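Each chain is listed here by its residues.
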Amino acid sequence: EPEVTQTPSHQVTQMGQEVILRCVPISNHLYFYWYRQILGQKVEFLVSFYNNEISEKSEIFDDQFSVERPDGSNFTLKIRSTKLEDSAMYFCASSESAGQGRGYTFGSGTRLTVV
Amino acid sequence: GESVGLHLPTLSVQEGDNSIINCAYSNSASDYFIWYKQESGKGPQFIIDIRSNMDKRQGQRVTVLLNKTVKHLSLQIAATQPGDSAVYFCAEIPGTYKYIFGTGTRLKVLA
């Protein structure tokens, strides 16, 4: 079964450093998403991306966040200057069409720890 | 490693019993709902979905009930198995792109 692949599985970074979280969506999917889950809390929407531009973003997704599809296979989330409160699991997801439930597939996540 | 959801409400059921997990959603405009299962170290996995024009939908061993009047969803798992142990989230979809997840319930299946 096709999977969304995220790397690394765990990243530790110093406060103030830039991090890039990487995702390889399912190959025929056109819509890409990032979510985060702070320990013990809900999975929260960050951003959706379609046709090489952001289609929707949440209030969490401020100027320190950016997303990019640098080539035909990768989808990245960059955090410019990490803060302690950015520590969370970050999930990438992709779907073939917008809001499609069964085909909206999540990766296994990257655990980001900011120290 | 440490798992997410340490402070989640927990439902403990005996193996073979039925489980009922509840969720309240917030947005009256949501017209599509999904239940997800999240095992330790993995991302959310789709279980079953339901549209707002339905009040019940059945899958294999799972049933989702939707009560729009009180904005309530439930997930029923028949004959719960050890492999069902996980955190279960409901998600509401009020628009096109983003999913709004509930807090989650940890299901523990007792042998």
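Further up the page is the structure itself.
The structure reproduced in this document is the subject of the present report. These numbers come from a predicted model, not from an experiment. (Residues numbered from 1 in each chain as written. Chains lettered and ligands numbered in written order. Predicted model: local features only at pLDDT ≥ 70, side-chain atom pairs only at ≥ 80, totals over all residues. Heavy atoms only, no water.)

What follows concerns the sheet that holds strand β6 (residues 62–67) of chain B. Residue and element names in this part refer to chain B. Taken in spatial order, the four strands make up an open sheet running β2-β7-β6-β5, and their pairing is antiparallel. Sheet topology places β2 (19–24) and β5 (56–58) at the edges, where each strand pairs with a single neighbour. Going across the sheet, the axis of each strand differs from the next one's by a mean of 15°, ignoring polarity. Relative to strand β7 (residues 72–77), β2 runs antiparallel, the two sharing six bridges. For Ile21, the partnering residue across the bridge sits in β7 and is Leu75. (Pairing = 2+ DSSP bridges. Helix = DSSP H or I, 4+ residues; strand = E, 2+ residues; numbered from the N terminus. Axes fitted to C-alpha atoms, helices over the stretch in contact; angles between N-to-C directions.)

Tallying each qualifying case throughout the model produces 20 aromatic pairs over all chains. Centroid distance B:Tyr25 to B:Phe33: 4.5 Å. Interplanar angle 50°. Geometry classified as tilted. Take B:Tyr25 and B:Phe33: they sit in the same class, and that class is buried. Ring pairs connect the aromatic residues A:Tyr33, A:Tyr35, A:Phe45, A:Tyr104, A:Phe106, B:Tyr36, B:Phe46, B:Phe89, B:Tyr99 and B:Phe101, which therefore count as one cluster. Taking the ring centre of B:Tyr32 as reference, the NZ or CZ of B:Arg51 above it sits at 4.1 Å. (Phe/Tyr/Trp six-rings, centres within 6.5 Å; stacked < 30°, edge-to-face > 60°. Buried < 20%, exposed > 50% of the residue type's maximum accessible area, 1.4 Å probe, protein only. Lys NZ or Arg CZ within 6 Å of the ring centre and 35° of its normal.)

Considering soluble globular proteins, one finds that nonpolar side chains tend to be buried as a cluster. Residues and elements named next belong to chain A. If you look at the biggest cluster of nonpolar residues, it comprises 23 residues, and the most contacted ones within it are Trp34, Leu46, Phe61, Val67, Phe75, Leu77 and Tyr90. For this core, the secondary-structure elements that each account for two or more residues are β3 (19–24), β4 (31–37), β5 (43–50), β7 (65–68), β8 (75–79), β9 (88–95) and β11 (110–114). Not counting the four nearest positions on each side in its chain, Val67 is found in contact with Trp34, Val47, Phe49, Ile54, Phe61, Phe75, Thr76 and Leu77. (Core = buried A, V, L, I, M, F, W, Y, C linked by side-chain atoms within 4.5 Å. Contact = heavy atoms within 4.5 Å.)

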